[in-house]
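# Notes for the structure review
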Amino acid sequence: MKKIESIKEFGGYLNRYQHESQSCDCLMTFSVYLPPAAETQQVPALYWLSGLTCTDDNFRVKAGAQRYAAELGLALIIPDTSPRGDHVPDDPDRYDLGQGAGFYINATRAPWSQNYRMYDYVTRELPELVEATLPLVPGLKSISGHSMGGHGALICALKNPHSYRSMSAFAPICNPVRSPWGENCFSTYLGEDREAWKAWDATCLIEAGAKPVPLLIDQGTADEFLAEQLHPQQLQAACAARDFPLTLRMQDGYDHSYHFIATFIGEHLAWHAAALTA
């Protein structure tokens, strides 16, 4: 784990690291914001998973989260969205497949299965690495994300309910087996067995009996992807049928952009901080 950048912000430090990932079989880059409290004590962590086409840089530059994290005493762990490198399979003509579009699953289909194991990376390898080397409270973490990353946050928490105190998302892909984005990536990474896809779909996991983890979702009503890609109503119905603890806030007039995220990120961080300190 090599530190390649360090910037002081709001009394803490925004650091960037690289390391050789066993899960993804490539050099991975991620960012960490350590609040001022981390200079004297261990702090809990919030993992942020970004969406299609993003790297770790989008959230740390655009969301304005570091100010709130400094006040709340939260570390922010911000991984990339996929494996990277010349040897990593890609589809350069597609923005929604390949590098930048890992979908936070473990691919099972060649040639993708060699590198596209972002689920293992986010839930196992990265937490083990940062908790062993940074001033974080071991095992005390929550998770959030946007769009494809919102999907990733939900499935990581639903498949590991004892590992995360809370989960939240901005405009997540709630039911990817019904979404063109999800269908394209799942068929490529996992094959054509649609039953196998359900293990990577938040709505299907809740329908199948996933243990409850407190869940907050913000969704903009002016989001251009709402009707075709995101399907929050399917997730809402599944939660209602299971009495699953969901707070879904439809935010009037907001779109899919980081302007939307920056507006409500402080509320999400405060919500996670309350769960992490309860």
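Anything mentioned here points back to the structure above.
The following refers to the structure shown. (Residues numbered from 1 in each chain as written. Predicted model: local features only at pLDDT ≥ 70, side-chain atom pairs only at ≥ 80, totals over all residues. Heavy atoms only, no water.)

Quick look at the overall build of the chain now. Scanning the chain from terminus to terminus reveals 10 helices and nine strands. Radius of gyration (C-alpha) of the chain: 17 Å, near the 19 Å computed for a compact globule of 278 residues. Viewed in the frame of its principal axes, the chain has a C-alpha envelope of about 50 × 45 × 35 Å. Across the 278 residues in the chain, those meeting the buried criterion constitute 58%. Within the chain, residue pairs in contact and separated by at least 24 positions form 72% of the contacts whose partners lie at least 6 positions apart. Accessible surface for the chain amounts to roughly 10,900 Å². Of this, 48% is attributable to carbon and sulfur atoms. Within the chain, one finds 21 positive and 32 negative side-chain charges whose respective centroids are separated by 5 Å. (Helix = DSSP H or I, 4+ residues; strand = E, 2+ residues; numbered from the N terminus. Rg over C-alpha atoms; globule rule 2.2 N^0.38 Å. Buried < 20%, exposed > 50% of the residue type's maximum accessible area, 1.4 Å probe, protein only. Contact = heavy atoms within 4.5 Å. Areas by Shrake-Rupley, 256 points an atom, 1.4 Å probe, with all protein chains shown as cover. Lys, Arg positive; Asp, Glu negative; His and termini not counted. Charge placed at Lys NZ, Arg CZ, Asp CG, Glu CD.)

A separate point is the layout of surface pockets. Of the volumes computed, that of the largest pocket is approximately 210 Å³. Taken together, 13 residues form the lining of the largest pocket, with L52, C54, H146, F225 and H256 sitting closest to its centre. Here the lining of the largest pocket is composed, by residue class, of six nonpolar, six polar and one charged. (1 Å grid on protein atoms, 1.4 Å probe; cavity = no way out; pocket = protein on both sides within 12 Å on 5 of 7 lines; lining within 4 Å. Points joined across faces, edges and corners; volume = space filled by probe spheres on them. Nonpolar A, V, L, I, M, F, W, Y, C, P; charged D, E, K, R; others polar.)

The next thing to look at is the packing of aromatic side chains. How two aromatic rings sit relative to each other is set out by the distance from centre to centre and by the angle between their planes. One pass over the structure, following the stated rule, counts 14 aromatic pairs. Their ring planes at 70 degrees and their centres at 5.9 Å tell us that F260 and F264 sit as a pair that is edge-to-face. Pair noted here: F260 and F264 are both in helix α10 (residues 258–277), with a separation of four residues, about one helical turn. In this structure, F260 and F264 share a single accessibility class: buried. (Phe/Tyr/Trp six-rings, centres within 6.5 Å; stacked < 30°, edge-to-face > 60°.)

Inspection of the secondary structure assignment puts Q66 in helix α2 (residues 65–72). Side chain to side chain, Q66 and E9 meet in a polar contact 3.0 Å long. Ignoring sequence-local partners within four residues, the contact set of Q66 consists of E9, F10, L14, Y33, R60 and L76. (Polar contact = N/O pair within 3.5 Å; in protein donor to acceptor, adjacent residues only side chain to side chain.)

With that settled, the discussion passes to helix α5 (residues 180–190). The element α5 is largely enclosed, with a buried count of eight among its 11 residues. Taken together, the buried positions of α5 are occupied by W181, G182, C185, F186, S187, T188, Y189 and L190. Close packing links the buried residues of α5 with α4 (148–159), α6 (194–197) and α8 (226–230). Residue G191 follows α5 closely and has a positive phi angle near 100 degrees.

Another point: the packing of α2 against α10. Close contact between α2 and α10 brings their axes to 9 Å; oriented N to C, the two are set at 30 degrees. Considering their axes alone, α2 and α10 lie roughly parallel with respect to each other. Relative to α10, α2 is oriented so that their crossing is right-handed. In this structure, α2 uses A65, Y68, A69 and L72 to contact α10, whose residues at the interface are I265, G266, L269, A270 and A273. (Axes fitted to C-alpha atoms, helices over the stretch in contact; angles between N-to-C directions. Parallel < 35°, antiparallel > 145°, perpendicular 65-115°, else oblique. Left-handed = near helix turned anticlockwise from the far one by under 90°.)

What follows is about unusual backbone geometry. Cis rather than trans, the peptide bond between A110 and P111 has omega equal to 0 degrees. Note on placement: P111 falls in the loop between β5 (75–79) and α3 (118–133). A positive phi angle, near 75 degrees, is found at T53, a position not held by glycine. Counting through the fold element by element, T53 comes out in the loop between β4 (43–49) and α1 (56–62). With relative accessibility at 52%, the residue T53 sits in the exposed group. Residue D243 is not a glycine yet carries a positive backbone phi of 55 degrees. For D243, the location among the structural elements is in the loop between α9 (232–242) and β9 (246–251).

Throughout this description, disulfide means a covalent bond between two cysteine sulfur atoms. Under the definition given, this model contains zero disulfides. C185 provides the cysteine sulfur closest to C54, a residue in no disulfide bond, and the two sulfurs are 14 Å apart. Not engaged in a disulfide, the cysteine C174 finds its nearest cysteine sulfur in C239; these two sulfurs lie 8.7 Å apart. Residue classification places C174 among the buried residues on the basis of a relative accessible area of 1%. (Disulfide = S-S within 2.5 Å.)

This next bit is on the nonpolar core. Most often, soluble globular proteins keep nonpolar side chains buried together rather than apart. By size, the foremost hydrophobic cluster in this structure holds 89 residues, and its most contacted members are I143 and Y189. The element that contributes the greatest number of residues to this core is α10, accounting for eight residues. For I143, the residues in contact, after removing those within four places along its chain, are L46, Y47, L49, V122, A153, C156, A157, Y164, S166, M167, S168 and H272. (Core = buried A, V, L, I, M, F, W, Y, C linked by side-chain atoms within 4.5 Å.)

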